[in-house]
Amino acid sequence: MYIVMNRFKIKCGSEDTFIEIWRNRDSHLKEMNGFNRFYLLRGKSEENYTLFSS
């Protein structure tokens, strides 16, 4: 099993736009042999950004 993780620092106030773009992006993951699932997680907000991981 492999787990792949990405981290994103999103400027405060741009979180909803980022989530919308992420949901509507072109993705071929479901076509990948062995692909199981995908999550977008929202972390805590700092002074200038909100941390997301996928």
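What you see is a predicted model; the values in this text were computed from it and never measured.

Draft legend 1. Just the overall build of the protein, in detail. For the protein, the helix and strand inventory stands at 1 helix and 3 strands. If you list the helices and strands of the protein from N to C, you get β-α-β-β. Taken over the C-alpha trace, the protein has a radius of gyration of 13 Å; the compact-globule value for 54 residues is 10 Å, which it surpasses by more than 25%. With 54 residues in all, the protein has 17% of them scored as buried. If you take every contact in the protein between residues at least 6 apart in sequence, the share linking residues at least 24 apart comes to 56%. Only carbon and sulfur atoms are counted for the fraction: they give 51% of the accessible area of the protein, which is about 5100 Å². Taken together, the 9 basic and 7 acidic charged side chains of the protein have centroids lying 6 Å from each other.

Draft legend 2. View of the nonpolar core. With 5 residues, the main nonpolar core is built from Ile10, Phe18, Ile19, Trp22 and Phe52. Among the elements that take part in this core, helix H1 (residues 15–23) stands out by supplying 3 residues, more than any other.

Draft legend 3. Structural view of the environment of Tyr2. Relative to the helices and strands, Tyr2 resides in the segment before strand E1 (7–11). Of the residues examined, Tyr2 reaches a relative accessible area of 80% and is grouped as exposed.

Draft legend 4. Representation of the side chain of Ser53 within the structure. Here Ser53 shows up in strand E3 (residues 49–53). Ser53 sits in the buried class, given a relative accessible area of 12%.

Draft legend 5. How the structure looks around the layout of surface pockets. Put simply, the largest pocket is a space of about 630 Å³. Around the largest pocket sit 18 residues that line it, and Tyr2, Ile3, Val4, Arg37 and Phe38 are the ones nearest its centre. A per-class count over the lining of the largest pocket returns 11 nonpolar, 5 polar and 2 charged. Around the second largest pocket sit Ile19, Trp22, Arg23, Arg25, Ser27, His28, Leu29, Lys30, Phe35, Phe38 and Leu40, which together line it. Here the residues of the lining of the second largest pocket are counted per class, giving 6 nonpolar, 2 polar and 3 charged.

Calculation notes
- Residues numbered from 1 in each chain as written.
- Predicted model: local features only at pLDDT ≥ 70, side-chain atom pairs only at ≥ 80, totals over all residues.
- Heavy atoms only, no water.
- Helix = DSSP H or I, 4+ residues; strand = E, 2+ residues; numbered from the N terminus.
- Rg over C-alpha atoms; globule rule 2.2 N^0.38 Å.
- Buried < 20%, exposed > 50% of the residue type's maximum accessible area, 1.4 Å probe, protein only.
- Contact = heavy atoms within 4.5 Å.
- Areas by Shrake-Rupley, 256 points an atom, 1.4 Å probe, with all protein chains shown as cover.
- Lys, Arg positive; Asp, Glu negative; His and termini not counted.
- Charge placed at Lys NZ, Arg CZ, Asp CG, Glu CD.
- Core = buried A, V, L, I, M, F, W, Y, C linked by side-chain atoms within 4.5 Å.
- 1 Å grid on protein atoms, 1.4 Å probe; cavity = no way out; pocket = protein on both sides within 12 Å on 5 of 7 lines; lining within 4 Å.
- Points joined across faces, edges and corners; volume = space filled by probe spheres on them.
- Nonpolar A, V, L, I, M, F, W, Y, C, P; charged D, E, K, R; others polar.

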